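Breakdown of the fold
What follows is the residue order along each chain.
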Amino acid sequence: MKLYEKLLKITFFKAKDTKWIICVAAFVIAMVSMLLTSANSIKLSYLQAVNQTPQYDFVLENLNDEQKQKYENKDFWGSSIEDITCSTNVFELDIPDSLFYFSVTGLTGNFEEVYSIDLQEGHCPENEKEIVVDSKFIENSGGSYKIGDELVLSVFSVQEKVYHNISYEIVGIFGAKASAGAEVYAFCTLEGAQRALKKGNMDTSYRVMITAAGKNQEMLEKALSYIEAKDREQIGIRFNETRLEMNGEEETDGGGAVKVFQVLGILIGVVSGALLFNMLQVASGNKIQQIGMLRCLGLDKKQLYQCYLLNLVLYLLGAMGGGFLLSVILEKTIGNMLFQRFLKGFCLSQYVELSFQPSLIAFVQAGSLVAVIFSVVYIVLLRKSLSYTPVEAVGSIAEGQFNIKVKSKKMDKVNVVTFVGQRNLLRNKARTFYTGFTYFVTALLILTLSMVLFSVDLYDIDALKKSNLFDYEFYDDSLQCSLSQEMVEEISKLESVATVECSRRQVYEFYQKKENIGTYNEIIDTRVYGDELLQRICKENGLDYQGHESEPYYLLLTKNNTQEQQIVLYNQNGNELKIQINGNVEQDNYCDYGGVTVTLLMNQLGAEALFQDDYCYNVLYIKAESKVQCVEQVKAYLEENQINMVYSDLQEMTQDAKTQLGSIVCVAIYLMVCICAMTITNIICNINVNVQLRKREYGILIALGMTRKKVIQLIISEIAIISEYMIILALPLALVISLFFISGAGQEINVLKIIGAAGIGSGALYGLTYLLCYIKGNRVFDRNVLRLLDKE
Amino acid sequence: MAYVSMKNVKKLYTQGEDDVHALDGINVEIEKGEFIAILGPSGSGKSTLLNVLGGLDVPSSGEIYVDGRKINELNENQLAEYRRKTIGFVFQSFNLLPALTIEENIIMPILMEQKKVSMEFVKELMKVLEIDNLGKRMPSQISGGQQQRVAIARALANEPQMILADEPTGNLDTEISTKVVSLLVDTCKKYQKTLIMITHNEEIAAYADRIIRIKDGRVEKENCLY
Ligand SMILES: Nc1ncnc2c1ncn2[C@@H]1O[C@H](COP(=O)(O)OP(=O)(O)OP(=O)(O)O)[C@@H](O)[C@H]1O
Ligand SMILES: [Mg+2]
């Protein structure tokens with residue numbers, strides 16, 4: 001045991017590289033574990049949400065009273081079903097004197113189960129007067145509402161064109177659901193919902209959620225066979241609705257985020273693996289000498305392996321300890337913060353409550369990665385050392401000096417700094433290679449990032465088209481048709497108004513019969529656009545509307561890349577309508593809703609043909625001459641004509657969108673932080689170990705009369721030669737990747753910007769290298785020359 | 001004034017509680033082209049004297065003049081220049097740069113000067129020191145005696161005025177060391193360099209123009225051989 005104590009003292013405790021190796025390893029563990037934790041947390045959050053949401057085998061949607069009564073009846077289904085829950089479709093109720101509105105759902109059955117709401121106070125509604133509300137509403141109202149209070153909501157009656165008040169009693173408050181803007185949620189009983197809908201003269205539409213007996217396929221099919229043929233064409237039938245929706249979300253936004261983190265994790269894992277490998281390579285020449293020395297002292301192979309195995313274990317223990325502390329700090333600070341920021345923009349699902357969930361597993365995984373790298377390096381090292389005779393190992397032959405092919409160079413007038421620097425690089429090729437590799441990857445990342453960030457105007461995206469083109473959006477809250485073509489023209493003549501364009505949003509819903517999916521009926525939304533806006537939409541989708549103004553014109557908006565020539569729709573009465581499609585489009589930047597359902601966009605003549613209705617609009621897009629007056633004048637005009645419209649300032653909306661875009665910037669910063677941390681660690685460790693181990697050589701140079709400045713230059717040049725070459729190597733690849741990104745974001749390629757970004761990126765990397773070398777060199781060589789010359 | 005003149009040079013090391021007077025008032029004058037042997041028991045301050053003279057270390061007090069320049073008042077860069085231009089060091093433990101070939105090691109001081117390298121002179125020097133066939137080898141590929149001759153060649157390559165050699169033969173056996181020292185001495189004589197050499201070997205010291213004996217940081221005895 002005494003022997004190993006001594007051995008460890010030499011090889012571990014007194015070794016100069018120990019602390020740096022442990023530092024790098026700890027750093028690698030912390031970084032990788034933080035990224036893995038982030039990816040896992042997103043996944044976990046989504047899975048939790050998926051598991052919490054109840055699953056129905058299928059859902060019948062948009063049922064009328066008669067249909068509801070039929071399908072709600074358990075006897076109707078025979079033994080094929082186990083459970084039925086009935087709810088109203090979501091409808092909106094306004095909160096008087098505020099911009100807020102409730103998305104209300106009436107429900108039979110257990111609220112907490114069906115909508116996975118988390119009741120914080122009170123109880124679920126039991127009669128038609130009771131309602132439970134979102135805690136966000138309570139917060140927004142500044143605490144003026146509490147349980148037991150009366151809540152008066154209003155509903156707009158289309159026929160009477162007046163608002164009616166309905167009063168409820170708040171009996172419960174549930175944890176806030178993520179929702180957009182002015183929307184908050186509320187739940188009441190089915191009767192409670194019917195009460196409101198009746199006041200607004202709206203037909204209630206219901207959904208019936210059905211669980212097949214024994215959750216079994218056969219029973220499911222049997223149950224489906226009961227649905228009457230005439231209903232099949234009208235009502236929407238969705239399978240496994242909730243589950244499907246959730247899984248879909250995990251695939252899209254959540255899945256995207258997980259992938260981003262996973263890719264980051266792999267990237268950082270590769271770079272940090274190389275970093276660690278490099279670190280050990282830097283130290284290897286010294287270790288080989290050390291092993292040679294120990295063999296000269298009479299240690300046998302077995303003892304050597306045991307000694308270095310112990311070393312390995314100690315390194316790992318140190319690294320795990322340090323890594324644990326570091327990862328806790330990282331996770332608590334930037335991990336958590338960036339995670340929250342990041343997800344604000346990425347996770348749009350109201351069902352998913354995202355939380356950062358650090359786990360030991362990620363830490364252990366990261367630790368294992370480091371353990372594997374350590375083991376591989378040590379086995380290679382020991383095998384290599386044992387392939388030399390002890391004498392070769394002790395003399396620095398093992399450092400690869402035999403392999404230097406000295407070219408007869410004209411020795412007069414060489415730059416001593418670059419000359420010695422290059423020679424030192426040639427001396428340990430493995431080390432040079434790994435340093436080069438880490439540099440290459442860092443350069444690649446930094447250059448790509450800077451090129452993309454510089455060249456892409458994040459705010460010049462399609463989603464902001466509307467906000468970039470117009471100042472205000474006026475819309476009829478109740479989404480009723482209220483503006484005629486003449487009125488639009490009159491508004492455009494107001495002096496403070498520069499341009500007006502208009503549309504009609506949410507006209508009717510139709511059902512499309514899809515033969516190939518059997519009974520699956522797809523809901524089709526409709527939207528009417530004025531000529532100018534339709535022309536814009538066509539242009540943005542590579543079509544041309546010009547010349548079609550005098551005929552019905554239809555565009556099919558879907559995200560699934562279909563190319564339909566003709567679609568067959570059914571209206572509420574079951575009548576069949578055949579529509580010729582003029583073009584298929586993938587984006588409509590002038591309407592925020594939809595996106596999930598297929599939408600039919602059309603011009604005024606198209607609307608006339610489809611609805612046999614006089615055409616009119618409910619949305620105005622206004623570009624103002626003078627912003628302040630514009631609102632006043634338009635408002636006055638609308639009031640005069642007794643049109644009830646609200647407006648939103650699109651610049652404010654831009655601001656909101658920017659917040660979301662901020663999270664993309666956040667990811668970029670996250671990546672930058674990681675890369676910079678790695679670059680700095682890489683450089684610091686490299687220089688430190690390098691300078692520590694070769695102190696004596698630098699000392700000789702100083703004794704021979706080299707100035708301190710020159711020696712620092714030498715240290716810099718050794719790293720700088722590598723970084724120069726690697727930046728040059730990485731540049732074309734970075735260029736290709738970033739061009740791919742830039743054109744992917746649909747933006748123009750600006751050569752000047754790219755050159756600038758490449759310059760700044762490589763300048764920053766090179767500058768950082770230079771600075772760190774300078775600081776380190778200055779500190780080491782401030783010492784007495786004689787002490788540098790000391791032999792250990 | 002003599003070429004080298006040391007006046008009351010002291011070097012004090014503070015080791016915790018007690019002070020070590022490595023040099024305790026050295027007064028020495030050396031003429032240009034002289035060969036001085038420094039003798040003395042271990043720990044007497046010989047290396048310290050050489051290091052202080054060579055600008056590797058700074059004295060605690062006293063004055064050192066070399067060729068009329070007061071070298072204990074030079075700044076870091078001037079000291080480096082002094083070491084580069086005026087001094088050639090031969091260390092006991094050779095101190096060759098392992099990454100460079102023998103030839104490159106030898107011309108290193110010339111490269112640092114950013115002077116044009118006169119390969120004829122270097123070749124001649126290598127011939128004189130009998131290492132002219134080792135130029136392309138690495139330091140780890142040659143013997144100790146050869147390494148020491150390389151170190152001597154390096155010290156002379158830049159044509160400095162003064163060679164300082166700290167036990168240049170300490171690591172070598174008697175036969176080789178006599179050979180190496182006579183090479184060093186002959187070469188210095190040939191190129192008219194001042195040579196100051198620390199040695200434990202009285203036989204080698206006998207070659208010197210003058211022997212300076214050091215004890216406890218003081219010059220104990222100076223004897224002129226003629
Ligand atoms: N860095 C130092 N710190 C403290 N004391 C030192 C230091 N260097 C040398 N000394 C002391 O100064 C004295 C002179 O040392 P020096 O190396 O000059 O002796 P030397 O004559 O060269 O001996 P040797 O023949 O063994 O090489 C010794 O007592 C030594 O212990
Ligand atoms: Mg000595």
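Structure shown above.
Here goes a summary of the coordinates provided. (Residues numbered from 1 in each chain as written. Chains lettered and ligands numbered in written order. Predicted model: local features only at pLDDT ≥ 70, side-chain atom pairs only at ≥ 80, totals over all residues. Heavy atoms only, no water.)

**Things to note about the overall build of chain A**
- The helix and strand tally for chain A stands at 24 helices and 22 strands.
- Considering chain A as a whole, with its 792 residues, one finds that 52% of them fall into the buried category.
- Put simply, 81% of the contacts in chain A that link residues at least 6 apart link residues at least 24 apart.
- When the accessible surface of chain A is totalled, it reaches about 36,300 Å², and 55% of it is carbon and sulfur. (Helix = DSSP H or I, 4+ residues; strand = E, 2+ residues; numbered from the N terminus. Buried < 20%, exposed > 50% of the residue type's maximum accessible area, 1.4 Å probe, protein only. Contact = heavy atoms within 4.5 Å. Areas by Shrake-Rupley, 256 points an atom, 1.4 Å probe, with all protein chains shown as cover.)

**With respect to the overall build of chain B**
- In terms of regular secondary structure, chain B is built from seven helices and 10 strands.
- Looking at chain B as a whole, 58% of its 226 residues are labelled buried.
- Here the analysis covers contacts within chain B between residues at least 6 apart in sequence; of these, 71% occur between residues at least 24 apart.
- Here chain B has roughly 9,500 Å² of accessible surface; of this, 44% comes from carbon and sulfur atoms.

**What about the interface of chain A and chain B?**
- With 34 residues of chain A in contact, the opposing surface of chain B contributes 31 residues.
- In this assembly, chain A and chain B are joined by two salt bridges.
- R423 of chain A is the partner of E104 of chain B in a salt bridge, and the nearest nitrogen-oxygen pair spans 2.4 Å.
- Inspection of the chain A/chain B interface yields six residue pairs in polar contact (both at pLDDT 80 or more).
- Here the side of chain A that touches chain B is composed, by residue class, of 18 nonpolar, seven polar and nine charged. (Salt bridge = Lys/Arg side-chain N within 4 Å of Asp/Glu carboxyl O. Polar contact = N/O pair within 3.5 Å; in protein donor to acceptor, adjacent residues only side chain to side chain. Nonpolar A, V, L, I, M, F, W, Y, C, P; charged D, E, K, R; others polar.)

**Looking at the site of ligand 1**
Residues and elements named next belong to chain B.
- In the neighbourhood of ligand 1, 14 residues make up the surrounding shell, with S42, G43, K46, S47 and T48 lying closest.
- Between S42 and ligand 1, the recorded distance is 2.5 Å, taken from a side-chain N or O atom to an oxygen atom.
- Between an oxygen atom of ligand 1 and a main-chain N or O atom of S44, the distance comes to 3.2 Å.
- For ligand 1, the protein covers 64% of the area, taking 630 Å² as the surface of the free molecule.
- Elements supplying a minimum of two residues to the shell around ligand 1: β1 (4-15), β2 (18-30) and α1 (46-53).
- Ranked by residue count, the leading element in the shell around ligand 1 is α1, at three residues.
- Grouping the constituent residues of the shell around ligand 1 by class yields four nonpolar, eight polar and two charged. (Near = heavy atom within 4 Å.)

**Some words on a nonpolar patch on the surface**
- Side chains of I266, V270, F433 and F437 of chain A sit close together on the surface and give an oily, nonpolar patch of about 390 Å² of accessible area.
- Those elements giving two or more residues to the nonpolar patch turn out to be α9 (241-296) and α14 (429-455) of chain A. (Patch = residues over 30% accessible without salt bridge, like charges linked within 9 Å, V, L, I, M, F, W, Y side chains within 5 Å.)

**Some remarks on the pattern of salt bridges**
All names here are of chain B.
- A complete count under the given rule lists 18 salt bridges over all chains for this structure.
- Note that K70 and E73 form a salt bridge whose closest N and O atoms lie 3.0 Å from each other.
- Salt bridges linked by common partners bring E63, K70 and E73 together as one network.

**Some points on the sheet that holds strand β4 (residues 61-66) of chain B**
All names here are of chain B.
- Sheet architecture is open: four strands sit in the order β2-β1-β4-β5, paired in antiparallel fashion. Both outer strands of the open sheet, β2 and β5 (69-70), are each paired with one neighbouring strand and no more.
- In this structure, β1 lies alongside β4, joined through five bridges in antiparallel fashion. By the bridge assignment for β4, S5 is matched with Y65. (Pairing = 2+ DSSP bridges.)

**Considering α14 of chain A**
- A rise of 1.5 Å per residue sets the reference length of α14 of chain A, with its 27 residues, at 39 Å; its end C-alpha atoms lie 37 Å apart and thus fit the reference within 8%.
- Most of α14 of chain A is tucked away, with 20 of its 27 residues classed as buried. (Expected span 1.5 Å × (residues − 1).)

**Regarding the side chain of S103 of chain A**
Residues and elements named next belong to chain A.
- With respect to the helices and strands, S103 occurs in strand β4 (residues 101-107).
- On the basis of relative accessible area, S103 is assigned to the buried category, the value being 2%.
- For S103, the residues in contact, after removing those within four places along its chain, are V90, F91, E183, V184, Y185 and A186.

**Overview of the environment of A720 of chain A**
Residues and elements named next belong to chain A.
- Mapped onto the secondary structure, A720 falls in helix α22 (residues 708-744).
- A relative accessible area of 5% places A720 in the buried class.
- Counting along the chain gives 49 residues from A720 to T769, while the straight-line C-alpha distance between them is 7.3 Å.

**Some words on a negative patch on the surface**
Residues and elements named next belong to chain A.
- Taken together, the side chains of E486, E489, E490 and E640 present a region of like negative charge at the surface.
- Here the element with the most residues in the negative patch is helix α16 (residues 485-492); it accounts for three residues.
- With respect to the secondary-structure elements, E486 resides in helix α16. (Lys, Arg positive; Asp, Glu negative; His and termini not counted. Charge placed at Lys NZ, Arg CZ, Asp CG, Glu CD.)

**Remarks on the packing of aromatic side chains**
- Applying the stated criterion across every chain yields a total of 18 aromatic pairs over all chains.
- Ring geometry for F89 of chain B against F91 of chain B: centres 5.2 Å apart, planes inclined by 10 degrees, an arrangement best described as stacked.
- Judged by its relative accessible area of 5%, F89 of chain B is buried.
- Taking the relative accessible area as the measure of exposure, F91 of chain B reaches 9% and is therefore buried.
- Relative to Y191 of chain B, the ring of F121 of chain B has its centre 5.4 Å away and its plane inclined at 80 degrees; by these criteria the two rings are edge-to-face. Here Y191 of chain B lies in the loop between α6 (174-190) and β8 (194-198) and F121 of chain B lies in helix α4 (residues 119-128), a separation of 70 residues in the sequence.
- What makes F121 of chain B buried here is its relative accessible area of 13%.
- The rings of Y71, F76, W77 and Y226 of chain A are connected pair by pair, giving a single aromatic cluster.
- The ring of Y206 of chain A carries the charged tip of K68 of chain A above its face, separated from the ring centre by 4.8 Å. (Phe/Tyr/Trp six-rings, centres within 6.5 Å; stacked < 30°, edge-to-face > 60°. Lys NZ or Arg CZ within 6 Å of the ring centre and 35° of its normal.)

So yeah, pure geometry; function would need other evidence.
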